[in-house]
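Understanding the architecture of this molecule
Here is how the chains run, residue by residue.
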Amino acid sequence: QVQLVDPVGGVVQAGGSLRLFCAASVSVASIKHMGWSCQAPGKGRSLIALIKDSESTGYADSIQGRFTISRDNEKKTLYLQMDSLEAEDRGMYYCAASSVRRIDYSMDYWGKGTQVNVSS
């Protein structure tokens, strides 16, 4: 069983930066894909950043070039560096992990989510 704990997010001004992190209860090295999903107000949850066990990454178009996902296997932690934040980035952010490599990148484990607010 993998438990993901993502601490409290924060409030930041547009154009600012925020770093999210998520701690796993087992070795991150034993997990295949990891990612961050975002649920904006009134919308569904969608995967916005993915990092595979090969360390290759993928991003949604809306955050490409502004956000960076990374993982530290030794610290059992997943990160999301968020730069040049925009008001549209506001939402609940969930870290997620899968123990199986799936072609659709669906996840097995989810954190409880952390709220990010961006003030304009």
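To be clear, the structure that these remarks concern was listed above.
Residues numbered from 1 in each chain as written. Predicted model: local features only at pLDDT ≥ 70, side-chain atom pairs only at ≥ 80, totals over all residues. Heavy atoms only, no water.

Focus on the nonpolar core
Under the convention used in this document: To define a nonpolar core, start from buried Ala, Val, Leu, Ile, Met, Phe, Trp, Tyr and Cys residues and group those joined through side-chain atoms within 4.5 Å. Relative accessibility under 20% of the residue-type maximum defines a buried residue, over 50% an exposed one, and the middle range a partly exposed one, all with a 1.4 Å probe and only protein chains included. Segments assigned H or I by DSSP are reported as helices when at least four residues long, segments assigned E as strands when at least two residues long, and all are numbered from the N terminus. Working rule for contacts: check all heavy atoms of both residues, and any pair within 4.5 Å makes them a contact.
In terms of nonpolar packing, the biggest core is built from 27 residues, with Trp-36, Ile-48, Leu-80, Met-82 and Tyr-93 touching the most fellow members. Among the secondary structure elements, those contributing two or more residues to this core are β3 (18-24), β4 (34-39), β5 (45-51), β7 (67-72), β8 (77-82), β9 (91-97) and β11 (114-119). Dropping the residues within four chain positions of it, Met-82 is found in contact with Gly-16, Ser-17, Leu-18, Leu-20, Arg-66, Phe-67, Tyr-93 and Val-116.

With respect to the environment of Ser-27
In this fold, Ser-27 is placed in the loop between β3 and β4. For the pair Ser-27 and Asn-73, spaced 46 residues apart in sequence, the C-alpha to C-alpha distance is 6.5 Å.

A few points about the packing of aromatic side chains
For the record, the criterion: For this analysis, a ring pair means two rings from Phe, Tyr or Trp (six-membered ring only for Trp) whose centres lie within 6.5 Å, classed as stacked if their planes differ by under 30 degrees, edge-to-face if by over 60, and tilted for the remaining angles. Note on criteria: charge over ring means Lys NZ or Arg CZ within 6 Å of the ring centre, with the direction from the centre no more than 35 degrees off the ring normal.
Taken as a whole and assessed by the stated rule, the structure comprises zero aromatic pairs. The residue whose ring lies beneath Arg-45 is Tyr-94, and the NZ or CZ to ring-centre distance is 3.6 Å. In this arrangement the basic side chain of Arg-45 is found over the ring face of Trp-110, its NZ or CZ atom lying 4.7 Å from the centre.

Points about the pairing of β4
Spelled out, the test is: The rule for pairing is simple: two strands pair if DSSP sees at least two bridges between them.
Burial within β4 is extensive, with five of its six residues counted as buried. One ladder, built from six bridges, connects β4 with β5; its direction is antiparallel. Counterpart to Gln-39 in the pairing with β5 is Arg-45. The turn joining β4 and β5, which pair antiparallel and follow one another in sequence, is formed by five residues; a positive phi near 75° is taken by Gly-42. The sheet contact formed by β4 and β9 spans six bridges and is antiparallel. What sits directly across from Ser-37, in β9, is Tyr-94.

A closer look at the pairing of β9
Across the seven residues that make up β9, a large majority, six, are buried. In the sheet, β9 pairs with β11 via three bridges, with the strands oriented antiparallel. Bridge pairing in β11 links Gly-91 to Val-116.

What to know about the pattern of salt bridges
Applicable threshold: Take a side-chain nitrogen of Lys or Arg and a carboxyl oxygen of Asp or Glu: if they are within 4 Å of each other, that pair is a salt bridge.
This model, assessed by the stated rule, comprises four salt bridges. We note a salt bridge from Arg-101 to Asp-53, for which the minimum N-O separation is 2.5 Å. Taken together, the positions of Arg-101 in the loop between β9 and β10 (109-110) and Asp-53 in the loop between β5 and β6 (57-59) put the pair 48 residues apart, joining distant regions of the chain. Residue Asp-53 is classed as partly exposed on the basis of its relative accessible area of 26%.

Considering the sheet that holds β7
With antiparallel pairing, four strands are arranged side by side in an open sheet as β1-β3-β8-β7. Of all strands in the sheet, those with a lone pairing partner are β1 (4-5) and β7, marking the two edges. Note: β7 against β8, six bridges, orientation antiparallel. Within the sheet, the bridge partner assigned to Thr-68 lies in β8 and is Gln-81.

Observations concerning the layout of surface pockets
Rules: Both cavities and pockets are sets of points on a 1 Å grid over the protein atoms alone; in a cavity a 1.4 Å probe fits but cannot get out, in a pocket the set is open with protein on both sides within 12 Å along at least five of seven lines, and lining residues sit with an atom within 4 Å of a point. Grid points are joined across faces, edges and corners, and a volume is the space filled by probe spheres set on the points. The residue classification treats Ala, Val, Leu, Ile, Met, Phe, Trp, Tyr, Cys and Pro as nonpolar and Asp, Glu, Lys and Arg as charged. All others, Gly included, are polar.
Looking at the largest pocket, its volume works out to about 230 Å³. Tallied by class, the residues present in the lining of the largest pocket amount to five nonpolar, three polar and five charged.

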